[in-house]
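# Structural characterization, general
The lines below spell out each chain.
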Amino acid sequence: MELNEQYEAFCNACDDLRASKIILADAKVSKILRSVVSCPSLVEIIGDALVGYNYANELGKCTTTDLEGNKHINLPPEPYRVIALVFSILTEFDTRRLDLQEFVEQYFHADTIQESFVRFCEEMVVPFCNFLCEWVGYKTGKKEETVSENEEVVDMREDTNECGIDSAEALFADLKIILNQIKETVNLDTKIKADRLDDLNITLDALQESLELKNFKILNALLISLNNMLSPIKSVRFYNMELQNRLAKFYDSYL
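Keep in mind that this is a model prediction, so the values were computed, not measured.

## So, the overall build of the chain
Within the chain, the secondary structure is distributed over 11 helices and two strands. Beginning at the N terminus, the succession of helices and strands in the chain can be written as α-α-α-α-β-β-α-α-α-α-α-α-α. Taking all 255 residues of the chain together, 46% fall into the buried category. Of the contacts formed within the chain by residues at least 6 apart in sequence, a portion of 68% connects residues at least 24 apart.

Shown next as structure tokens:
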């Protein structure tokens, strides 16, 4: 998939959420997150914004209460903080740690729940989408960088084989991207101790080798170890979640 197509897929996913009814919004949120993960440029920006980021603290700083007791979220002025906040909220929705309906009712007061949802989309999703697109130069009048013929850009759509069953090749391609993003993020995270970082890099390199060998037995053993090491690291929470979800999707295809 070309870079412009990846950015377009992300924008379309955001538009789909805005056009959705709230009862269908959960699937639309997942679509946005998948479109982000499928685009290395967007993942890099969000990964940088999330290093050392404390979602709960930032949400508290952005929240005000009016005279009637209604809460409001005032987005921070810095684009990278908006990106980190909205992405974190979408991730909380997707993992069911945060209920979307309760959230929009609490922070985007309106006469109906659908109107509250519309406010959420206009006040949070639209700036999030615009800032990311501006950051990469998409639809801002800037000339897009051309991907060289030797540069591999993997499309992480929900690929299936002719029988409709998720293919191993698609799985390996997706895991390669996610593991690369995990490695980049942990190496930028200054909170990780040197000895823990060494262990992580050794495990991540071994996982990449298991993907090249297409060895599921080694892959599964290493992923158990990686999951244990990543569980306390906040900066890779989303990537680890996506890793586990991607594996679950593959194995569910064969049950």
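So, next bit.
## Remarks on the packing of aromatic side chains
One pass over the full model with this rule turns up 11 aromatic pairs. Consider the rings of Phe216 and Phe250, whose centres lie 5.6 Å apart with planes at 10 degrees: the pair is stacked. Highlighted residues: Phe216 in helix α10 (residues 216-230) and Phe250 in helix α11 (residues 237-252), separated in sequence by 34 residues. Judged by relative accessible area, which is 5%, Phe250 ranks as buried. Put simply, the rings of Phe93, Phe103, Tyr107, Phe108, Phe117 and Phe120 touch in pairs and so form one group of aromatic residues.

## Comments concerning the confidence of the model for the chain
Mean pLDDT for the chain: 83, with 87% of residues reaching 70 or above. Here α11 is the element of the chain with the lowest mean pLDDT, 78, and helix α6 (residues 100-107) is the one with the highest, 94. Scored below 50 in pLDDT, residues 140-165 makes 40 contacts in the model with residues more than four places away or belonging to other chains.

## With respect to the nonpolar core
Core analysis: the largest hydrophobic core is formed by 78 residues, its most contacted members being Phe10, Phe103, Phe120, Phe128 and Ile182. Considering each element in turn, this core owes the most residues, 10 residues, to helix α7 (residues 113-136). The contacts of Phe103, once residues within four sequence positions are left out, are Leu59, Ile73, Ile89, Phe93, Leu98, Phe108 and Phe120.

## Observations concerning a negative patch on the surface
Taken together, Asp26, Asp99, Glu102 and Glu105 make up a surface patch of like negative charges. Relative to the elements of secondary structure, Glu102 occurs in helix α6.

## Brief notes about the pattern of salt bridges
A complete count under the given rule lists 11 salt bridges for this structure. Notably, a salt bridge pairs Arg97 with Glu92, separated by 3.3 Å at the nearest N-O pair. A relative accessible area of 8% means that Glu92 is categorised as buried. In this structure, the salt-bridge partner of Glu123 is Arg119, at a minimum N-O distance of 2.8 Å.

## Things to note about helix α4 (residues 55-62)
All buried positions along α4 are accounted for by Tyr55, Glu58, Leu59 and Cys62. Along the long axis of α4, the arc covered by the buried residues comes to 100 degrees, so they all point the same way. Along α4, exposed side chains directed more than 90 degrees from the buried face belong to Ala56 and Lys61. Here the buried face of α4 lies against β1 (63-65), β2 (71-73), α5 (79-94) and α6.

Rules of the game
Residues numbered from 1 in each chain as written. Predicted model: local features only at pLDDT ≥ 70, side-chain atom pairs only at ≥ 80, totals over all residues. Heavy atoms only, no water. Helix = DSSP H or I, 4+ residues; strand = E, 2+ residues; numbered from the N terminus. Buried < 20%, exposed > 50% of the residue type's maximum accessible area, 1.4 Å probe, protein only. Contact = heavy atoms within 4.5 Å. Phe/Tyr/Trp six-rings, centres within 6.5 Å; stacked < 30°, edge-to-face > 60°. pLDDT = per-residue confidence, 0-100. Core = buried A, V, L, I, M, F, W, Y, C linked by side-chain atoms within 4.5 Å. Patch = residues over 30% accessible without salt bridge, like charges linked within 9 Å, V, L, I, M, F, W, Y side chains within 5 Å. Areas by Shrake-Rupley, 256 points an atom, 1.4 Å probe, with all protein chains shown as cover. Salt bridge = Lys/Arg side-chain N within 4 Å of Asp/Glu carboxyl O. Lys, Arg positive; Asp, Glu negative; His and termini not counted. Charge placed at Lys NZ, Arg CZ, Asp CG, Glu CD. Arc of directions from axis to C-beta.

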